[in-house]
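Architecture at a glance
Single-letter residue listing:
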Protein chains: 2
Amino acid sequence: MASSTVQPISLYSAFDRISAEIDTLFEHLLKAPEDARARLYDAMRHAAVGGGKRLRPLLLVTIAGLFGVERGAAIRAAGAVEAIHVYSLIHDDLPAMDDDDLRRGKPTVHKAFDEATAVLAGDSLHALAFELLADEAVHGDPFVRIELVRILAEASGPDGMAGGQMMDLEADKQGYDLHTVTRLQQLKTGALITASVEMGAALGRASEEARTALRGYARDIGLAFQIADDLMDVEGDEEKAGKALRKDEAQGKETFVTLLGLERAREQAHILTEQAVGHLHGFGAEADLLRALARFIVERDR
Amino acid sequence: MASSTVQPISLYSAFDRISAEIDTLFEHLLKAPEDARARLYDAMRHAAVGGGKRLRPLLLVTIAGLFGVERGAAIRAAGAVEAIHVYSLIHDDLPAMDDDDLRRGKPTVHKAFDEATAVLAGDSLHALAFELLADEAVHGDPFVRIELVRILAEASGPDGMAGGQMMDLEADKQGYDLHTVTRLQQLKTGALITASVEMGAALGRASEEARTALRGYARDIGLAFQIADDLMDVEGDEEKAGKALRKDEAQGKETFVTLLGLERAREQAHILTEQAVGHLHGFGAEADLLRALARFIVERDR
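Residues numbered from 1 in each chain as written. Chains lettered and ligands numbered in written order. Predicted model: local features only at pLDDT ≥ 70, side-chain atom pairs only at ≥ 80, totals over all residues.

Tallying secondary structure elements over chain A gives 15 helices and 2 strands in all. The C-alpha atoms of chain A give a radius of gyration of 19 Å, which matches the 19 Å a tight globule of 302 residues would have. For the C-alpha atoms alone, the extent of chain A along its principal axes is close to 55 × 50 × 35 Å. Per-residue burial for chain A yields a buried fraction of 53% across its 302 residues. For chain A, the share of sequence-separated contacts (at least 6 apart) that also reach a separation of at least 24 residues comes to 71%. (Helix = DSSP H or I, 4+ residues; strand = E, 2+ residues; numbered from the N terminus. Rg over C-alpha atoms; globule rule 2.2 N^0.38 Å. Buried ≥ 20, exposed ≤ 12 C-beta atoms within 10 Å, placed from the backbone. Contact = placed C-beta atoms within 7 Å.)

Written as structure tokens, this is what we have:
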């Protein structure tokens, strides 16, 4: 699928390309078998194919590309991260959790199917992520594959994404301060964004120095992403976002916006973006997409 | 903890020993952090510590022992299998799934905590399983570790346990025949039992010949286990079982008992047990525990 004429790839065409590639991967992996499991595969495809920004896959694949990793292999690792992200959305949307009816402009899985199927579709995507990483198509060296497993498992478990979601559920009971909201968001969304970056670097066997710089980049865009999300919840357009907004206020939750105010939150997001770009100073023009991505994250409307 | 006097270890003391070891591992791994995630860790410990037969860990550790694997390492791999098993019980017990209030003689996680915490505790144990396998404490060779990941991920995903649970949920709509119920059970419980055996063999770098024999053993005890479960659902004592029984009939589900009748189901379980023991003919007295285990599986009352 590589273009034969060399030209600067814009961020939007990069998003389009990775979305198509991830859709193709999931369509291939999630062909429904001819038995009662067909419903499970249908639910997995409903959630995993044809929606979302694919921010995490784009990060992973772009960073792997900096180190010359074959794109097809990077796409499979990116599919693992996206499978974890999608499973978390399915479970977070459940009535017992955030109780959302709409996601990526479509009915959520428990609405389109039922709650039991949604629980299982999430669980199945969770397992699928590690199946993908164990397969040698991701990398010939088992040492690299097991490193990918370690990064992704840590980032998605109780010391990562799931732990952040627990803190979020407890938020209304506890009245968090800025420090705690920052920690919550570093776990809930930051951990998987950082994992995407680290997995790209691990696939490319990047030097310790490069990994440290990229980790700094990831931490900053992760936090900027969340502040932008909080701003969108207040200022955004539900139709563009493809999901329900104004939820934080309705639930009386502390967010970066309630704790910092609109103005300072916006400012903080921009500071983080510039800081993220600063971490890339050792990389040349081939990291321009990552620079554009950092800026996009605070300017997006969905 | 090894005894200094050599003596035949009875099956019951083997169960006691592995239970204590798995409890110690989970107590160690699941120390609650001093933040709002404490509730998540409490829920994970509630489900993972101090209950259950630990059949899968016992299988894995015993088979690893046949090939001289260091016990501490095997216990960590066994903890991964048990973490997957426990997560599946938490999710299966949810109101949207089997809606059970009692498990291993204790309130289920969504009863003792709440549904959202139960979903997250399951998800966290799921991720923890792969964290455990990625850690080099399980085996120094990354090739062995990634093989463990592959076996466990495949056995727990849509082509394994989660797929079997989906078939089970669809059972009342479709009216399964014996072939389909067998397939369902091979996925729902058989896959993880077989994975326990295969992981023990992988840890011990067993020969292809030994693995084939052990896989045959696993397949037969897995099916015998499920037939025994169906028999227990009809004939068992709820207090001993520590969970609600007579559910299959109430739900009008086809089981080995409804399809074969009590007599033939009992007979079939015993045939499978003898067949399982037959697969072990190439192993000496060191496999006696596995032989006893095969017989225990059809004679247990919990």
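Counting from both sides, the interface comprises 42 residues of chain B and, opposite them, 41 residues of chain A. With 12 residues, helix H6 (residues 115-134) of chain B is the largest single contributor of residues to the side of chain B that touches chain A.

The next point concerns the relation of the copies chain B and chain A. Mapping chain B onto chain A calls for a screw motion: a turn of 180° about the axis and a shift of 0.0 Å along it, with 0.0 Å RMSD after fitting. What the rotation and shift describe, once combined, is the action of a two-fold rotation axis. Same-surface contact between copies: 98% of interface residues of chain B are shared with the interface of chain A. (Least-squares fit on C-alpha atoms with pLDDT ≥ 70 in both.)

As a further point, take the environment of A:Met44. Residues and elements named next belong to chain A. Along the chain, methionine 44 falls in helix H2 (residues 38-48). What makes methionine 44 buried here is the crowd of 29 C-beta atoms within 10 Å. When the C-alpha positions of methionine 44 and alanine 118 are compared, they lie 8.4 Å apart, and in sequence the two are 74 residues distant. Excluding residues that lie within four positions of it along the chain, methionine 44 makes contacts with Leu30, Ala121, Ser124 and Leu125.

This brings us to the nonpolar core. Among the nonpolar cores identified, the biggest contains 203 residues, and A:Leu133, A:Leu152, B:Leu133 and B:Leu152 are the most heavily contacted of them. Non-local contacts of A:Leu152, meaning those with residues more than four positions away in its chain, are made with A:Ala80, A:Val81, A:Ile84, A:Ala129, A:Leu133, A:Ala195 and A:Met199. (Core = buried A, V, L, I, M, F, W, Y, C linked by C-beta atoms within 7 Å.)

Right, let's talk about the environment of B:Gln174 for a bit. Take B:Gln174: it is sitting in helix H8 (residues 161-174). For the pair B:Gln174 and B:Glu70, spaced 104 residues apart in the sequence, the C-alpha separation amounts to 47 Å.

Residue and element names in this part refer to chain A. Taking 1.5 Å of rise per residue, 26 residues should cover 38 Å, and helix H9 (residues 178-203) covers 35 Å from first to last C-alpha, within 8% of that figure. Its maximal kink placed at glycine 190, H9 deviates by approximately 55°. Of all 26 residues in H9, 20 are buried; the element is thus mostly enclosed. Two residues or fewer after H9 comes arginine 205, characterised by a positive phi angle close to 45°. (Expected span 1.5 Å × (residues − 1). Bend = angle between axes of the 7 residues up to and from the residue.)

All names here are of chain A. One non-glycine residue, aspartate 99, adopts positive backbone phi at about 55°. On the basis of neighbour count, aspartate 99 is assigned to the partly exposed category, with 14 C-beta atoms found within 10 Å. The phi dihedral of arginine 205 falls on the positive side, at around 45°, and the residue is not glycine. Within the element layout of this structure, arginine 205 appears in the loop between H9 and helix H10 (208-235).

A few words on the environment of A:Val257. Residues and elements named next belong to chain A. Mapping valine 257 onto the fold places it in helix H13 (residues 256-260). With 22 C-beta atoms counted inside 10 Å, the residue valine 257 sits in the buried group. With 29 residues separating them along the chain, valine 257 and glutamate 286 place their C-alpha atoms 34 Å apart.

This part takes up H2(A). Every buried residue belonging to H2(A) is among A:Arg39, A:Leu40, A:Ala43, A:Met44, A:His46, A:Ala47 and A:Ala48, and all of these are buried. Where H2(A) is buried, its residues touch helix H1 (11-29), helix H4 (71-92), helix H5 (109-112) and helix H6 (115-134) of chain A together with H8 of chain B. A:Gly50, located one to two residues past H2(A), shows a positive phi value of around 75°.

Moving on, we get to the packing of helix H1 (residues 11-29) of chain B against helix H4 (residues 71-92) of chain B. Residue and element names in this part refer to chain B. Interhelical geometry of H1 versus H4 gives an angle of 80° and a closest axis separation of 10 Å. Considering their axes alone, H1 and H4 lie roughly perpendicular with respect to each other. From H1, Glu21, Ile22, Leu25 and Phe26 reach across to H4, where they touch Ile75, Arg76, Ala78, Gly79 and Glu82. Looking at the contact of H1 with H4, its residues break down into 5 nonpolar, 1 polar and 3 charged. (Axes fitted to C-alpha atoms, helices over the stretch in contact; angles between N-to-C directions. Parallel < 35°, antiparallel > 145°, perpendicular 65-115°, else oblique. Nonpolar A, V, L, I, M, F, W, Y, C, P; charged D, E, K, R; others polar.)

Here the focus is the packing of H4(B) against H6(B). Think of two packed helices as two axes; the pair is described by the angle between the axes and how far apart they sit. All names here are of chain B. Between H4 and H6, the least distance of the axes is 8 Å, while the angle of their chain directions is 160°. In terms of their interaxial angle, H4 and H6 are classed as roughly antiparallel. Taken as a pair, H4 and H6 cross one another with a handedness that is left-handed. Together, Arg76, Ala77, Gly79, Ala80, Ala83, Ile84, Val86, Tyr87, Ile90 and His91 of H4 and Ala118, Ala121, Gly122, Leu125, His126, Leu128, Ala129, Leu132 and Leu133 of H6 make up the contact between the two elements. For the contact of H4 with H6, the residue count by class is 14 nonpolar, 4 polar and 1 charged. (Left-handed = near helix turned anticlockwise from the far one by under 90°.)

Residues and elements named next belong to chain A. For chain A, per-residue confidence averages 92 on the pLDDT scale, and 95% of positions sit at 70 or higher. The low-confidence segment residues 1-8 (pLDDT under 50) makes 0 contacts with residues lying over four places distant or belonging to another chain. Interface confidence for the predicted complex, expressed as ipTM, amounts to 0.93; the pTM equals 0.94. (pLDDT = per-residue confidence, 0-100.)

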